[in-house]
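Results of the structural survey
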Amino acid sequence: MNPRTRPAAIAASSLAAVLVLAGCGRKAAEAPAPGTKAPAALPDDVKALAAALAAPKTEADEAPARGQVLLATGEFLPLVRSELVGRVTGRVAKVLVDEGARVTEGQPMLTLETDYLRLDVARAEAEVARAAAVLAEAESDFARKKELVGRESVAQAAFDRSRAAFEGARASRLAAQAGLDLARQRLADAVLTAPIDGVVLERRIDVGERLSEGTVTFVVVQTAPLKLRFRVPERYVGEVAPGASVSASVDPYPGETFSGKVAVVVPAVDPQSRTFIVEALFDNRDGRLRPGLFARVRLDLSARRKA
């Protein structure tokens, strides 16, 4: 062989050996079968490449391919959604808040006209006063009859009638008091107050409209904390658990990320999409995140895999 062509022949032989090792995996590293000629030794600069191609993949090698951070998309939802309904019938006198307003629990949001309700309270108070007077007279008569019957100065029938009148008057007094309490409660219900701390999402009533019992007037949602709901492919069902770290980014705040924790992992897979639902909680103390926002989610799986 021409000495000038010998290095090229050796390089070609080495490259062929590398291709054989890459295609056969571990089998290329085994001893040759009897009766076959052993391949030529590889140069030192090719041995490292051949070893890398022939080495089997491990779980650690596959982890970067699958990723220790799962990407998904989701939506921010309120943790609590409350529909404020009217408890009494009446005409709306004032609307004190509008959509988008931040309210605290117990804050007045709407008032009804209360003229007739106040008259009902006054009438109930008069009934209580009348029942109290009747009860006082019946109690006094019963006390006298009780003393006289002990000295046998009054007939037993008269004593029984006095006792029955006293018990009836006492029952009438209790009924009148219950009527007064009901009238006062209806007057108090004419003012609708916020059931939770949150934001007014919807306003469905206006001044002058007639409000009936059960009519929804406002929709109030809690914004701190907020929950982020997203779907995860079923192959990760064993890798997502409560407490995992979640970060989210939203279009209104480009370049910023918000941090949360997985709170709920729904223990069921949707047979149509082959995914399951995960919910994460975000403190949102500054109120920057809003219900309904679309979010890009990054779920950290590294802690679960290490465990």
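Coordinates for the structure precede this section.
Now for a look at the structure at hand. (Residues numbered from 1 in each chain as written. Predicted model: local features only at pLDDT ≥ 70, side-chain atom pairs only at ≥ 80, totals over all residues. Heavy atoms only, no water.)

**Brief notes about the overall build of the chain**
This is how it is decided: In this description a helix means any DSSP run of H or I spanning at least four residues, a strand means any run of E spanning at least two, and both kinds are numbered starting from the N terminus. Using a 1.4 Å probe on the protein chains alone, a residue whose accessible area is under 20% of its type maximum counts as buried, one over 50% counts as exposed, and one in between counts as partly exposed. The contact criterion used is simple: two residues touch if any of their non-hydrogen atoms lie within 4.5 Å. Note on areas: Shrake-Rupley with a 1.4 Å probe; residue coverage comes only from the protein chains shown.
Looking only at helices and strands, the chain has 6 helices and 14 strands in total. Here the chain holds 307 residues, and 33% of them are scored as buried. For the chain, the share of sequence-separated contacts (at least 6 apart) that also reach a separation of at least 24 residues comes to 76%. As displayed, the chain has an accessible area near 19200 Å², and 54% of this comes from carbon and sulfur atoms.

**Some words on the sheet that holds strand E9 (residues 216-221)**
Selection rule: At least two bridges found by DSSP between two strands are what make those strands a pair.
Spatially, 4 strands are ordered E2-E9-E7-E4 in an open sheet, and the strand pairing comes out antiparallel. The outermost strands of the open sheet, each flanked by one partner alone, are strand E2 (81-85) and strand E4 (102-103). Direction of pairing for E2 relative to E9: antiparallel, over a ladder of 5 bridges. What sits directly across from Glu83, in E9, is Val219.

**Description of the pattern of salt bridges**
Worth spelling out the cut-off: Definition used for salt bridges: Asp or Glu carboxyl oxygen within 4 Å of a side-chain nitrogen of Lys or Arg.
Going through the model one piece at a time under the given rule, you end up with 17 salt bridges. The partner of Glu202 in a salt bridge is Arg204, with the nearest N and O atoms 2.9 Å apart. In this structure, a network of salt bridges that share partners links the residues Arg81, Glu202 and Arg204.

**Description of unusual backbone geometry**
With omega at 0 degrees, the peptide bond leading from Ala224 into Pro225 counts as cis. Within the chain, Arg274 stands out as a residue other than glycine whose phi angle is a positive 55 degrees. By the secondary structure assignment, Arg274 is in the loop between strand E12 (258-265) and strand E13 (275-282). You can call Arg274 partly exposed: its relative accessible area is 39%. Despite not being glycine, Asn284 shows a phi value in the positive range, around 50 degrees. Summarising the element assignment, Asn284 is placed in the loop between E13 and strand E14 (294-300).

**What about the packing of aromatic side chains?**
Selection criterion: Centres within 6.5 Å make a pair out of two Phe, Tyr or Trp rings, where for Trp the six-membered ring is used; the pair is then stacked when the planes are under 30 degrees apart, edge-to-face when over 60, and tilted otherwise.
Evaluated as defined, the whole model comprises 4 aromatic pairs. Considering the side-chain rings of Phe76 and Phe282, the 5.2 Å spacing of their centres and the 80 degrees angle between planes classify their relative orientation as edge-to-face. One end of the pair, Phe76, is in strand E1 (residues 69-78); the other, Phe282, is in strand E13, with 206 residues separating them in the sequence. Just as Phe76 is buried, Phe282 falls in that class too. Pairing Phe142 with Phe166 gives two aromatic rings, centres 5.4 Å apart and planes at 0 degrees, and the pair type is stacked. Linking Phe142 in helix H4 (residues 115-150) with Phe166 in helix H5 (residues 156-189), this pair joins segments that are 24 residues apart in sequence. Judged on exposure class, the residue Phe142 and its partner Phe166 are both buried.

**Digging into H5**
Each full turn of the α-helix corresponds to 3.6 residues, which orients residues three or four apart in the same direction. Put simply, the rule is: Here the expected span of a helix is defined as 1.5 Å times the quantity of residues minus one.
For H5, built from 34 residues, the straight-helix expectation of 50 Å at 1.5 Å per residue is met to within 8% by its first-to-last C-alpha distance of 50 Å. Restricting attention to buried positions, one finds in H5 the residues Ala158, Phe159, Ser162, Phe166, Ala169, Ala176, Leu180, Ala183, Leu187 and Asp189. Turning to H5, the residues buried within the fold contact H4 and strand E6 (191-193).

**Focus on a nonpolar patch on the surface**
Applicable threshold: Residues enter patches when their relative accessible area tops 30% and they take part in no salt bridge; the joining distance is 9 Å for like charges and 5 Å for the nonpolar side chains Val, Leu, Ile, Met, Phe, Trp and Tyr.
A contiguous nonpolar patch, built from Leu79, Val80 and Leu281 and spanning about 200 Å² of accessible area, is present on the exposed surface. Within the fold, Leu281 resides in strand E13. On the basis of relative accessibility, which here comes to 33%, the residue Leu281 falls in the partly exposed class.

**As for the sheet that holds E12**
Heads up, the condition is: Lines fitted to the C-alpha atoms define the axes, with helices restricted to the stretch that makes contact. Angles between their N-to-C directions range from 0 to 180 degrees.
An order of E1-E10-E13-E12-E11-E14 is seen for the 6 strands of this closed barrel, with the pairing classed as antiparallel. Sheet twist, expressed as the average angle between the axes of neighbouring strands with direction ignored, equals 40 degrees. Bridging between strand E11 (residues 245-249) and E12 involves 4 bridges; their strand directions are antiparallel. Paired with Ala248 across the two strands is Phe258, which belongs to E12.

**With respect to the side chain of Thr275**
What counts, and what does not: For this analysis, a polar contact is any N or O atom pair within 3.5 Å, provided that within protein one partner can donate a hydrogen and the other can accept it, and provided that sequence-adjacent residues contribute only side-chain to side-chain pairs.
Looking at the element boundaries, Thr275 is found in strand E13. Among the polar contacts made by the side chain of Thr275, one reaches the side chain of Arg231 at a distance of 3.2 Å. A distance of 2.6 Å separates the side chain of Thr275 from the side chain of Ser273, its partner in a polar contact. Once you skip the residues sitting within four places of it in the chain, Thr275 turns out to touch Arg231, Val232, Pro233, Glu234, Ala268, Val269 and Asp270.

**Overview of the nonpolar core**
Note the following rule: Put simply, a nonpolar core is a bunch of buried Ala, Val, Leu, Ile, Met, Phe, Trp, Tyr and Cys residues held in one set by side-chain atoms that sit within 4.5 Å of each other.
In this structure, Val92, Met109, Leu110, Leu112 and Phe218 are the most contacted members of the largest nonpolar core, which totals 27 residues. Those elements giving two or more residues to this core turn out to be strand E3 (90-95), strand E5 (108-112), H4, H5 and E9. Sorting elements by how many residues they give to this core places H4 first, with 5 residues. In contact with Phe218, other than residues within four places in its own chain, are Ser82, Glu83, Leu84, Val95, Val97, Met109, Leu110, Val200, Glu202 and Arg203. In terms of nonpolar packing, the next biggest core, distinct from the first, is built from 25 residues, Ala244, Val246, Ala248 and Phe282 among them.

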